[in-house]
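These are the residues of each chain, in order.
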Amino acid sequence: MNRKLAILAVAPAAAIASPALAQATGPDFSALTGAIDFGTTSTAILSVGALAIGVSLTVLGVRKVMSMIRGA
């Protein structure tokens with residue numbers, strides 16, 4: 001009896017999901033993304049990442065030097 005109820009509960013979900021799965025191609029966002037210059041955007045993102053790494057390495061270096069001074 002429970003198996004029949006489980007099948008009856010899953011059948012409507014499968015019927016609703018099948019048209020969504022039948023769509024072979026995704027939506028076309030070229031109208032939205034065509035106006036964005038990804039060259040400058042990626043350059044900005046990479047420069048911020050490089051800045052964050054630079055700050056981390058500076059902090060690591062200061063801690064290393066301070067531990068050398070304290071240990072001497």
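Above this text sits the structure in question.
All of these numbers come straight from a predicted model, not from anything done at the bench.

Below, the discussion takes up the overall build of the chain. Looking only at helices and strands, one finds three helices and zero strands in the chain. Secondary structure elements of the chain, listed N to C terminal, follow the sequence α-α-α. Split into buried and exposed, the 72 residues of the chain put 0% on the buried side. Surface summary for the chain: the accessible area is close to 6,500 Å², and the carbon and sulfur share equals 73%.

Once that is clear, we can look at a nonpolar patch on the surface. Together, Val-62, Val-65, Met-66 and Ile-69 make up an exposed nonpolar region whose accessible area comes to about 350 Å². Mapped onto the elements of the fold, Val-65 is located in helix 3 (residues 38-71).

How each quantity is defined
- Residues numbered from 1 in each chain as written.
- Predicted model: local features only at pLDDT ≥ 70, side-chain atom pairs only at ≥ 80, totals over all residues.
- Heavy atoms only, no water.
- Helix = DSSP H or I, 4+ residues; strand = E, 2+ residues; numbered from the N terminus.
- Buried < 20%, exposed > 50% of the residue type's maximum accessible area, 1.4 Å probe, protein only.
- Areas by Shrake-Rupley, 256 points an atom, 1.4 Å probe, with all protein chains shown as cover.
- Patch = residues over 30% accessible without salt bridge, like charges linked within 9 Å, V, L, I, M, F, W, Y side chains within 5 Å.
- Salt bridge = Lys/Arg side-chain N within 4 Å of Asp/Glu carboxyl O.

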